[in-house]
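# Structural overview for review
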Amino acid sequence: MALQSKSIKALILDFDHTLFNTDADREVRKNSKDKDWDLIYSKIPEYRLYDGWREVFNDAKAKDVKIAIISTAKKDLIQKTLDYFGLQCDIIVGWQRCYKKPHPHLVEMALNKLQVSKDYVISIGDSVVDMEMSQNGGVRFIGALWDSQESNDLRIGDVICSPKAILRFI
């Protein structure tokens, strides 16, 4: 499906390495079953918001384009990070016990809460699992290449090299 510029009503975004470089807490989040959440939250000021996202969030808000974040990260971590950086989104679908990426239910949950048809949504992520989740959920996917560990695998579809490239769709 070819989406027309300006026809987008919602963006679905990944958190780690799409919106933010979260390497500051990578080892703590990755290596521990009983995570030290206070330590992880203390690392938020060390995260880096990728250049261009602030403009995307502002433009989306001005044009009534909704933003959902779907991530394997904990919802509280995502919300605290957004708060720290002064960003707002409409819905966060964080780590789920029952459903994990690439399950389409995650996309369905976001679309139901946003009340937007999948025909007017773009999903943006840095990994193959993000791409598979989007495809499974029936939404258009665009690969985010700026900090992807899987950029070669994402090049089979649409890709962008900067968050600012999203502005042409909203």
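Since this is a predicted model, take the numbers as computed values, not measurements.

## Things to note about the overall build of the chain
Scanning the chain from N- to C-terminus turns up seven helices and eight strands. If one aligns the C-alpha atoms of the chain with their principal axes, the spans along those axes are about 45 × 35 × 30 Å. Residues classed as buried in the chain amount to 50% of the 170 residues present. Only carbon and sulfur atoms are counted for the fraction: they give 45% of the accessible area of the chain, which is about 8,700 Å².

## Observations concerning the pairing of strand β7 (residues 140-144)
Residues in a regular strand project their side chains so that they alternate between the two faces of the sheet. Counting buried positions along β7 yields five of five residues, so the element is predominantly enclosed. The side-chain alternation of β7 yields two buried faces, one formed by Arg140, Ile142 and Ala144 and the other by Phe141 and Gly143. Relative to β7, strand β6 (residues 121-125) is paired through four bridges, and the arrangement is parallel. Paired with Ile122 across the two strands is Arg140, which belongs to β7. Note on the crossover from β6 through helix α6 (residues 128-137) to β7: the handedness is right-handed. In this structure, β7 lies alongside strand β8 (residues 159-160), joined through two bridges in parallel fashion. Within the sheet, the bridge partner assigned to Ala144 lies in β8 and is Ile160.

## Here we look at the packing of aromatic side chains
The tally for this structure, following the rule as stated, stands at seven aromatic pairs. Measuring from centroid to centroid gives 6.3 Å for Trp53 and Phe57, while their planes differ by 80 degrees, and the two rings are edge-to-face. With Trp53 and Phe57 both in helix α3 (residues 53-62) and four residues apart, the pair spans about one turn of that helix. On the accessibility criterion, Trp53 (0% relative accessible area) is buried. Of the residues examined, Phe57 reaches a relative accessible area of 5% and is grouped as buried. Among the aromatic residues, those joined into a ring-pair cluster are Phe15, Phe20, Tyr84 and Phe85.

Basis of the calculations
Residues numbered from 1 in each chain as written. Predicted model: local features only at pLDDT ≥ 70, side-chain atom pairs only at ≥ 80, totals over all residues. Heavy atoms only, no water. Helix = DSSP H or I, 4+ residues; strand = E, 2+ residues; numbered from the N terminus. Buried < 20%, exposed > 50% of the residue type's maximum accessible area, 1.4 Å probe, protein only. Areas by Shrake-Rupley, 256 points an atom, 1.4 Å probe, with all protein chains shown as cover. Pairing = 2+ DSSP bridges. Right-handed = clockwise from strand over helix to strand, strands pointing away. Phe/Tyr/Trp six-rings, centres within 6.5 Å; stacked < 30°, edge-to-face > 60°.

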